Structures are given as C-alpha cells and as structure tokens.
Amino acid sequence: MNKLHNEIKNADYIIIGSPIYYGEVSSQTKLFTDRFYSVFNSKTKNFDDKKLILVYTQGNPNPKTYESYAKHKVDHLYNFMNFNVVNTLIAAGIF
Ligand SMILES: Cc1cc2nc3c(=O)[nH]c(=O)nc-3n(C[C@H](O)[C@H](O)[C@H](O)COP(=O)(O)O)c2cc1C
C-alpha cells in the first residue's frame, strides 16, 4: 500500500470502480479502501483535495437502487479521508 499511496499522491485524478455485490462494493474494493486508514493517522501522507471519481456497475437496471449506499460511502469513507469526490457514475443493468 505504501507504493499505491505514493502513486495516489502523484496522480491528478483517482478512479475507483467496483461492481455491486449484494448491495455493497466487492470485497477486493473494500480491502483496498480499508488500507486508506493508515493515511488518516499519518503525519506525512494525506489525500487532501485529491480528485476522485467513483464508478459502480450493477445488474439492477434502476440506477437509484444503491444511491443511498453510494452517498454513505462518500460521507463515511471518501469525504472522511478528505478526497474531493467530483463525480459518481453508475452503470446499471450490466451483468
Ligand atoms: C456475488 C454477486 C452479487 C451481486 N449482487 C448484486 C446486487 O446486490 N445488486 C445488483 O444490482 N447486482 C448484483 N450483482 C451483479 C453485478 O453487480 C454485475 O454483474 C456487475 O455489474 C458485473 O461485475 P463482475 O462481472 O465484475 O462480477 C451481483 C453479482 C455477483 C457475482
């Protein structure tokens, strides 16, 4: 993750994409974002104002179905980590 944190630090934008599995992000995505926590207590690293785009794919054809979940992730994870979430894209009806 140190290598990935440095790559995030040097990037203009970050795009995090995940399929929706049982109403949530995939376990791989969760594993990746859980490792952001070390940045929270770091004196040398931060994600302050790093531009972030979120992309979700889902089988359900209604793009509003997981909207509140997507907002929850922004409030409790991405804003908490001080990312600047510029857009959330939902690709619905994709199996
Ligand atoms: C284990 C599993 C759980 C899924 N749960 C949901 C779900 O809760 N809601 C939904 O709309 N689609 C669900 N899907 C469909 C995926 O979101 C859809 O296939 C995804 O866009 C494609 O991702 P993948 O090909 O990388 O698995 C699920 C698919 C899998 C395999």
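Scope of this entry: the structure provided in the associated data block. Keep in mind that this is a model prediction, so the values were computed, not measured.

The set of residues buried in helix α4 (residues 67–78) consists of Tyr-69, Ala-70, Lys-73, Val-74, Leu-77 and Tyr-78. The buried residues of α4 all sit within an arc of 145° when viewed along its axis, so they share a single face. Exposed and facing more than 90 degrees away from the buried side of α4 are Ser-68, Lys-71 and His-76. Contacts made by the buried residues of α4 are with β1 (13–21), β2 (24–25), α2 (27–34), β3 (51–58) and β4 (84–92).

Roughly 160 Å³ of volume is contained in the largest pocket. Around the largest pocket sit Lys-30, Thr-33, Asp-34, Phe-36, Tyr-37, His-72, Lys-73, His-76, Leu-77, Phe-80 and Met-81, which together line it. Within the residue set of the lining of the largest pocket, elements represented by two or more residues are α2 and α4. Looking at which element gives the most residues to the lining of the largest pocket, the answer is α4, with 4 residues. A class-by-class count of the residues in the lining of the largest pocket yields 5 nonpolar, 3 polar and 3 charged.

What follows is about empty space enclosed by the protein. Evaluated as defined, the whole model comprises 2 cavities of 30 Å³ or more. Reported here for the largest cavity is a volume of approximately 40 Å³. In this structure, the largest cavity is lined by His-5, Asn-6, Lys-9, Val-39, Lys-45, Asn-46 and Phe-47. Its residues assigned to classes, the lining of the largest cavity comprises 2 nonpolar, 3 polar and 2 charged. Counted as a void, the second largest cavity has a volume near 30 Å³. Surrounding the second largest cavity, Ile-20, Tyr-56, Gln-58, Tyr-66, Tyr-69, Ala-70 and Ile-90 form its lining. Among the elements of the structure, β3 and α4 are those that each provide at least two residues to the lining of the second largest cavity. Partitioning the lining of the second largest cavity into residue classes produces 6 nonpolar, 1 polar and no charged.

Below, the discussion takes up the environment of Phe-95. Position of Phe-95 among the secondary structure elements: in the segment after β4. For Phe-95, a relative accessible area of 91% corresponds to the exposed category. Taking the C-alpha atoms as reference, Phe-95 lies 8.3 Å from Thr-57; in sequence the two are 38 residues apart. Setting aside residues no more than four positions away along its own chain, Phe-95 makes contact with Gly-59 and Asn-60.

Thresholds, definitions, all that
- Residues numbered from 1 in each chain as written.
- Predicted model: local features only at pLDDT ≥ 70, side-chain atom pairs only at ≥ 80, totals over all residues.
- Heavy atoms only, no water.
- Buried < 20%, exposed > 50% of the residue type's maximum accessible area, 1.4 Å probe, protein only.
- Helix = DSSP H or I, 4+ residues; strand = E, 2+ residues; numbered from the N terminus.
- Arc of directions from axis to C-beta.
- Contact = heavy atoms within 4.5 Å.
- 1 Å grid on protein atoms, 1.4 Å probe; cavity = no way out; pocket = protein on both sides within 12 Å on 5 of 7 lines; lining within 4 Å.
- Points joined across faces, edges and corners; volume = space filled by probe spheres on them.
- Nonpolar A, V, L, I, M, F, W, Y, C, P; charged D, E, K, R; others polar.

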